[in-house]
Amino acid sequence: MLAAALLLALPFCTAESVSSFAGSTVVDSYPPPGATNTAVDTYFPDASQVGYAGPTPTGAEPAAIVTAIPFSKVENAFPLSRPNSADGADMAFDVMRHWGNLAPMYSVDSFGLPEASPVIPEGCGINAVHLLMRHGARYPTSDSGASHFASKLHTAASQEGFCATGDLEFLATWTYKLGAEILTPYGRDSLFSNGVAFRYRYGNLLNAFHGPPSIPYYFRRFASIEHRMLDSALNFAAGFFEIRTYETDYHQEIIIEENNFNNTLAPYYACPNANTEDIGNFGSTQAKKWADIYLKDAQKRLQPMIPGFNLTISRLVDMQELCAYETVALGYSKFCDLFTREEWEGYEYYVDLSFWYSSGPGNPATAAQGLGYVQELVSRLTHTPINVWNSSTNSTLDSSNITFPLNQPIYVDATHDTVISSIVTALNFSSLAATGPLPTDHIPRHRSYIASQIAPFASQLVAQVLSCPASDEPTHIRFLLNDGVVPLTGIHGCTEDSNGLCALSSFISGMHERIGEINFAHDCFANYTMPNPDNIIDGRYPS
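Residues numbered from 1 in each chain as written. Predicted model: local features only at pLDDT ≥ 70, side-chain atom pairs only at ≥ 80, totals over all residues. Heavy atoms only, no water.

Chemist: Would you explain the packing of helix α11 (residues 366–382) against helix α13 (residues 417–426) in this entry?
Modeler: Packed helices, taken two at a time, are described by the angle their axes make and the gap between the axes. The geometry of α11 relative to α13 is characterised by a closest axis approach of 7 Å and an angle of 85° between their N-to-C directions. One way to sum up the angle between α11 and α13 is to call them roughly perpendicular. Here Thr-366, Ala-367, Gln-369, Gly-370, Leu-371, Tyr-373 and Val-374 of α11 lie close against α13, whose contacting residues are Ser-421, Ser-422, Ile-423, Thr-425 and Ala-426. Considered class by class, the residues forming the contact of α11 with α13 number six nonpolar, six polar and no charged. (Axes fitted to C-alpha atoms, helices over the stretch in contact; angles between N-to-C directions. Helix = DSSP H or I, 4+ residues; strand = E, 2+ residues; numbered from the N terminus. Parallel < 35°, antiparallel > 145°, perpendicular 65-115°, else oblique. Contact = heavy atoms within 4.5 Å. Nonpolar A, V, L, I, M, F, W, Y, C, P; charged D, E, K, R; others polar.)

Rendered as structure tokens:
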């Protein structure tokens, strides 16, 4: 009856109203062919040729993480248009923050320490900082659900009986304008802005670098030569240093991301169980169970608007992903306001399930994947070279004090969303898993694990190495995950602290214990099946 009533309410659709190009892919090339004219280059000399630069004195390096109260939060995604849900323009509900790993990074208010600020506690000094970040907003990966949706729509649009009406009328002339893999303009902008913000907060640590002035800072490693990784690194560096000199201001280490190469920033290539359908992809299996529930009403509401095209549950998920991808690529998407607030909350939880059971506390191979980075972090904190190679660490690179220095005040590493979620699991940030395991038939109230707070686009995990009271010798450590201070009570020896502080010696001891708990060889290589039920909450196969 409901479907019949909806059909009667919809406008009449004719074959002429549907374009033959609906769902087709549109690609623009820049610069356009023939637009480049190098013959006139001599008319436009660069600044070094023109001269007359004027005065160029520099000021003191900023240290806003010590002095800036109140802390400047990331609260919007300018210049992207903020989308609304289908059931109203409720400005208190931010659709973008419900996109899981596709959400733009925003400052998390609290992970259970409501009084803690990212600004270091009064009386403490900042001695070193370790940044692990995700690349910026990108186009969908190759062979994505979004591109398949467009292809299937294009095929249907050429068939008799296809029609798009009502809220889906735009699909009659919609084209797929997304590329694949590389950063969007917003992705480039957010990494540049993050570099600027990092300079404001931790710039004074540049004064602690020692060595010949002619040697640029060893500043960062990143996971691969992929365009989005390299461009994220360059945009961050341009923001942190300056556009004229950033390419020579630091050393950038590119680690191969491929089979048969150990890489702590892409550890899944060294962990076969992370890539199997039944273990590595278990999150998708669990998330699909929830999708069948939360998208049931959307399917009933939207299917009558598009006869000739089967709106399966998986295609509705694709449409929600298209909302996110089009927004970060094009600035706006008509897919966003097709779904209600409840359905966007459902999508957010869909992504949470996928991460929890594939790359988070609920997967038995997750801690093993994060192990290598934890070993590297301890090595840096203790200024002690790694001498046991039993994880995804790269013995060639990590054995060298050139490619893996241990005496720096700033370290920056770049990686992917699933790797950040694996690393926070290996670090045993147990507060994130406090309300797990996650059910697949409802959204639990006050859940502690939310993917958009852990691994959004341009996500940042920061370890602040502090001295309390301020001195040259570090005494404490604490972690910020997207500006939210993380409790460290899951680490043996770290006690409750309102500012998230743990004594550095206790943290290092607790990490040695955690490293000893994680069985990389078994969890990554053993022939086992997922526990049923899966009650894992620490990313390790049950002993």
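Chemist: Would you mind showing me how to read the layout of surface pockets here?
Modeler: The gaps left among the atoms become clear once a water-sized probe is rolled over them. By volume, the largest pocket is sized at about 1500 Å³. Around the largest pocket sit 48 residues that line it, and Thr-141, Asn-281, Ser-284, Ser-354 and Thr-418 are the ones nearest its centre. Going through the elements one at a time, α7 (282–294), α9 (313–330), α10 (341–359) and α13 are the ones with two or more residues in the lining of the largest pocket. Top element by residues in the lining of the largest pocket is α10. It accounts for seven residues. Of the residues belonging to the lining of the largest pocket, the class tally is 15 nonpolar, 20 polar and 13 charged. (1 Å grid on protein atoms, 1.4 Å probe; cavity = no way out; pocket = protein on both sides within 12 Å on 5 of 7 lines; lining within 4 Å. Points joined across faces, edges and corners; volume = space filled by probe spheres on them.)

Chemist: Mind showing me how you'd approach empty space enclosed by the protein here?
Modeler: Under the criterion given, the structure shown has four cavities of 30 Å³ or more. The computed volume of the largest cavity comes to approximately 100 Å³. Forming the boundary of the largest cavity are 13 residues, of which Arg-201, Tyr-202, Gln-460, Val-462 and Asp-483 lie nearest the centre. Elements with a contribution of two residues or more to the lining of the largest cavity: α5 (185–202) and β5 (460–467). Its residues assigned to classes, the lining of the largest cavity shows eight nonpolar, three polar and two charged. Considering only enclosed or pocket space, the second largest cavity measures out at about 80 Å³ in volume.

Chemist: Please clarify how the state of the cysteines should be interpreted in this entry.
Modeler: Cysteine pairs can be linked by a disulfide, which is a covalent bond between their two sulfur atoms. Counted by the stated rule, this structure contains four disulfides. Two residues, Cys-124 and Cys-468, share a disulfide whose sulfurs are 2.0 Å apart. On the sign convention where negative means left-handed, the S-S torsion of about 115° between Cys-124 and Cys-468 marks this disulfide as right-handed. Note that Cys-124 is positioned in the loop between α3 (64–67) and β1 (125–134) and Cys-468 in the loop between β5 and β6 (476–481), a separation of 344 residues in sequence. What pairs with Cys-271 in a disulfide is Cys-524, and their sulfur atoms sit 2.1 Å apart. Its torsion about the S-S bond being -100°, the disulfide of Cys-271 and Cys-524 is classed as left-handed. Of the two residues, Cys-271 is situated in the loop between β3 (250–254) and α7 and Cys-524 in helix α16 (residues 520–525); the sequence distance between them amounts to 253 residues. Residue Cys-271 shares its accessibility class with Cys-524, and that shared class is buried. (Disulfide = S-S within 2.5 Å. Buried < 20%, exposed > 50% of the residue type's maximum accessible area, 1.4 Å probe, protein only.)

Chemist: So what exactly am I meant to see when it comes to the pattern of salt bridges here?
Modeler: For side chains bearing opposite charge, pairing can occur when the charged atoms are close. Per the stated rule, a full pass over the model turns up 14 salt bridges. Between Asp-417 and Arg-134 there is a salt bridge, and its shortest N-O distance comes to 3.2 Å. Here Asp-417, found in helix α13, pairs with Arg-134, found in strand β1; they are 283 residues apart in sequence, far enough to count as distant. With respect to class, Asp-417 is no different from Arg-134; both count as buried. When the shortest N-O distance is used, the salt bridge between Arg-201 and Asp-483 registers 3.6 Å. (Salt bridge = Lys/Arg side-chain N within 4 Å of Asp/Glu carboxyl O.)

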